[in-house]
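Here are the chains, one letter per residue:
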Amino acid sequence: MLTREFTKDKLKVQIYSSRQAMGNGAAAEAVEYVKELLRKQERVNIIFAAAPSQNEFLAAVAASDIEWGRVNAFHMDEYIGLKKEAPQGFGNFLRRAIFDRVPMGSVHYLNGEIEPHRACEEYAKLLEENPVDVVFMGIGENGHIAFNDPHVADFEDKEVVKVVDLDEKCRQQQVNDGCFATIAEVPTHAMTLTIPALCGAKRLFCVVPAATKAWAVNETINGEISEHCPASIMRRHDNATLYIDNESSKLLNY
């Protein structure tokens, strides 16, 4: 159930009574938007986030009647150093969550099998050839979007995809989410789409459940717009919506 909605700067915010309601509500709007685009253009390019926070949203999107054969799918970040078959790999997560569940027109993965900087260059070229229409995303506990942690985030980044090192809070989140048993198992580096690459999309759907994200949600909405909370950049985007639940919204004074 949608319990409240408001706008902060340009960012639309919707608060739901539960995580499931949030995922369903965000998916309903996302599906309708993608269908609207498909009425106007032959193909739609979508970037997908991989994280347990996206589970309810992705399940609802995968169950929709989008013409998936006209969708090109991309993912926004990937660890460096994991084995190709590692279940924690973000490409593998997205295969399980959606890419193997719908007849996608095409799926493009960041290539963890080659030298990372070369993989970033190749993926950047691919994205330049396929301008992004839609981003399905979340926010990290430290306020990151994709793997743009505060210390590497750059609102004016000249790169499209880059290699980054992950801060401790980001790596600990992967343990908190149950993806790794200990922080020592979490890779220290990753490839990520940059903030301009994400914000260049026509539409952002940002789905953020759980009490562990309450600080990041509050900073995104009420903090200064700066790299200290990279997600705050969404307040400058012309068409972005933040979907939150009763837990992730608990620090908001509304």
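Residues numbered from 1 in each chain as written. Predicted model: local features only at pLDDT ≥ 70, side-chain atom pairs only at ≥ 80, totals over all residues. Heavy atoms only, no water.

What follows is about the sheet that holds strand E5 (residues 77-79). The 3 strands lie next to each other as E5-E9-E8, forming an open sheet whose pairing is antiparallel. Because the sheet does not close on itself, it has two edges, and the strands there are E5 and strand E8 (161-165). Across this sheet, the average inter-strand angle for adjacent strands is 20°, counted without regard to direction. Along the sheet, helix H4 (residues 116-129) makes contact with E8 and strand E9 (189-193), crossing E8 at roughly 145°. (Pairing = 2+ DSSP bridges. Helix = DSSP H or I, 4+ residues; strand = E, 2+ residues; numbered from the N terminus. Axes fitted to C-alpha atoms, helices over the stretch in contact; angles between N-to-C directions. Contact = heavy atoms within 4.5 Å.)

Its identity is not glycine, yet Asp9 carries a phi of approximately 55°, on the positive side. Of note, Asp9 is situated in the loop between strand E1 (2-8) and strand E2 (11-16). The phi dihedral of Ala146 falls on the positive side, at around 50°, and the residue is not glycine. Along the chain, Ala146 turns up in the loop between strand E7 (134-137) and E8.

Position of Lys213 among the secondary structure elements: in the loop between strand E10 (203-208) and helix H7 (214-222). Within the buried core, Lys213 has no salt-bridge partner, and the shortest N-O distance to an opposite charge, that of Asp177, equals 5.5 Å. Within the structure, the side chain of Lys213 is placed 2.9 Å from the backbone oxygen of Ile139, a separation counted as a polar contact. Once residues lying within four places of it in the same chain are set aside, the contact partners of Lys213 are Ser53, Ile139, Gly140, Glu141, Gln173, Val208 and Ser248. (Buried < 20%, exposed > 50% of the residue type's maximum accessible area, 1.4 Å probe, protein only. Lys, Arg positive; Asp, Glu negative; His and termini not counted. Salt bridge = Lys/Arg side-chain N within 4 Å of Asp/Glu carboxyl O. Polar contact = N/O pair within 3.5 Å; in protein donor to acceptor, adjacent residues only side chain to side chain.)

This part is about the packing of aromatic side chains. Applying the stated criterion across every chain, the model contains 12 aromatic pairs. Taken together, a centroid distance of 6.4 Å and an interplanar angle of 10° make the contact between Phe205 and Tyr243 stacked. In this pair, Phe205 sits in strand E10 while Tyr243 sits in strand E11 (residues 240-244), placing the two residues 38 residues apart along the sequence. Assigned by exposure class, Phe205 and Tyr243 land together as buried. Following the ring pairs from residue to residue traces out a cluster consisting of Tyr33, Phe48, Phe57, Phe99, Tyr109, Phe136, Phe205 and Tyr243. Note that Arg95 overlies the ring of Tyr109, its terminal NZ or CZ placed 4.1 Å from the centroid. For the cation-ring pair, Lys169 lies above Trp215, with the distance from its terminal atom to the ring centre recorded as 4.8 Å. (Phe/Tyr/Trp six-rings, centres within 6.5 Å; stacked < 30°, edge-to-face > 60°. Lys NZ or Arg CZ within 6 Å of the ring centre and 35° of its normal.)

Our next topic: the pairing of E11. Extensive coverage of E11 is indicated by the burial of 5 of its 5 residues. Here E11 shows two buried faces, one formed by Ala240, Leu242 and Ile244 and the other by Thr241 and Tyr243. Note: E2 against E11, 4 bridges, orientation parallel. Paired with Ile15 across the two strands is Ile244, which belongs to E11. Both E10 and E11 contribute to a ladder of 5 bridges, which runs parallel. Directly across from Val207, in E11, lies its bridge partner Tyr243.

These figures come from the coordinates and say nothing about function on their own.
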